[in-house]
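Tertiary structure, described
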Amino acid sequence: MTVSIQAMGVRTFQLLIAVLFISAASGQTPEKQSVERVLHVTHAETVLDFRELVEVVRLMTDIQPPATDTAKRTMTLRGTSQQIALAEWLA
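None of the values given here were measured: they were computed from a predicted structure.

Parameters at a glance
Residues numbered from 1 in each chain as written. Predicted model: local features only at pLDDT ≥ 70, side-chain atom pairs only at ≥ 80, totals over all residues. Heavy atoms only, no water. Axes fitted to C-alpha atoms, helices over the stretch in contact; angles between N-to-C directions. Helix = DSSP H or I, 4+ residues; strand = E, 2+ residues; numbered from the N terminus. Left-handed = near helix turned anticlockwise from the far one by under 90°. Contact = heavy atoms within 4.5 Å. Nonpolar A, V, L, I, M, F, W, Y, C, P; charged D, E, K, R; others polar. Core = buried A, V, L, I, M, F, W, Y, C linked by side-chain atoms within 4.5 Å. Buried < 20%, exposed > 50% of the residue type's maximum accessible area, 1.4 Å probe, protein only. Salt bridge = Lys/Arg side-chain N within 4 Å of Asp/Glu carboxyl O. Pairing = 2+ DSSP bridges.

With that out of the way, let us pick up the packing of helix 2 (residues 47-61) against helix 3 (residues 81-90). Remark: helix 2 packs on helix 3, axes separated minimally by 10 Å, with the N-to-C direction vectors making an angle of 145°. Along this stretch, helix 2 crosses helix 3, giving a crossing that reads as right-handed. Between helix 2 and helix 3, the residues in contact are Leu-53, Val-57, Met-60 and Thr-61 and Gln-83, Leu-86, Ala-87 and Leu-90, respectively. The residue makeup of the contact of helix 2 with helix 3, split by class, is six nonpolar, two polar and no charged.

For soluble globular proteins, nonpolar side chains are generally found buried alongside one another. With 12 residues, the main nonpolar core is built from Leu-39, Val-41, Ala-44, Phe-50, Leu-53, Val-54, Val-57, Ile-63, Met-75, Leu-77, Ile-84 and Ala-87. Of all the secondary structure elements, the ones that give two or more residues to this core are helix 2, strand 3 (74-79) and helix 3. If we ignore the near neighbours within four places in the chain, the residues touching Ile-63 are Arg-58, Leu-77, Arg-78, Gln-83, Ile-84 and Ala-87.

Another point: the pattern of salt bridges. This model, assessed by the stated rule, comprises three salt bridges. In this structure, Glu-88 and Arg-37 form a salt bridge, with 2.5 Å as the shortest nitrogen-oxygen distance. Of this pair, Glu-88 sits in helix 3 while Arg-37 sits in strand 1 (residues 35-40); the two residues are 51 residues apart in sequence, bridging distant segments of the chain. On the basis of relative accessible area, Arg-37 is assigned to the partly exposed category, the value being 32%. Glu-55 is the partner of Arg-58 in a salt bridge, and the nearest nitrogen-oxygen pair spans 2.6 Å.

This paragraph deals with the sheet that holds strand 3. The three strands are arranged 1-3-2 in an open sheet whose pairing can be described as antiparallel. Among the strands making up the open sheet, the edge pair consists of strand 1 and strand 2 (67-69). Ignoring strand direction, the axes of neighbouring strands in this sheet form an average angle of 15°. With three bridges joining them, strand 2 and strand 3 adopt antiparallel strand pairing. When the sheet's bridge partners are listed, Thr-68 is paired in strand 3 with Met-75. Across the sheet, helix 2 touches strand 2 and strand 3, and the angle it forms with strand 3 is around 10°.

This part takes up the side chain of Thr-74. By secondary structure assignment, the location of Thr-74 is in strand 3. Assessed through its relative accessible area of 9%, Thr-74 is described here as buried. Dropping the residues within four chain positions of it, Thr-74 is found in contact with Val-38, Leu-39, His-40, Phe-50, Ala-67, Thr-68 and Asp-69.

The subject of this paragraph is the pairing of strand 3. Looking along a regular strand, one sees side chains alternate from face to face of the sheet. Burial analysis of strand 3 places five of its six residues in the buried class, which makes it a mostly covered element. Linkage of strand 2 to strand 3, two consecutive antiparallel strands, is achieved through a turn of four residues, within which Arg-73 is found at a positive phi near 55°.

So this is what it looks like as structure tokens:
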């Protein structure tokens, strides 16, 4: 009888460990994936307009300073998909 209780104790312990790992894994937030997007700004008529828009996008989305090309009126953004979506809406 002792052997079966001991075996049952080991199985219970293994099940408890498995449940703990599963609950810990399900409680973790997913890693935020970085997205890179190049936005072409067509409605900024002057370089100053373009720079102001870049600054507004950076401040409103909390994205790192984007790489910009004032001649082509493009900005390359890196951030989460939510940040990029907001940046696209703003630009």
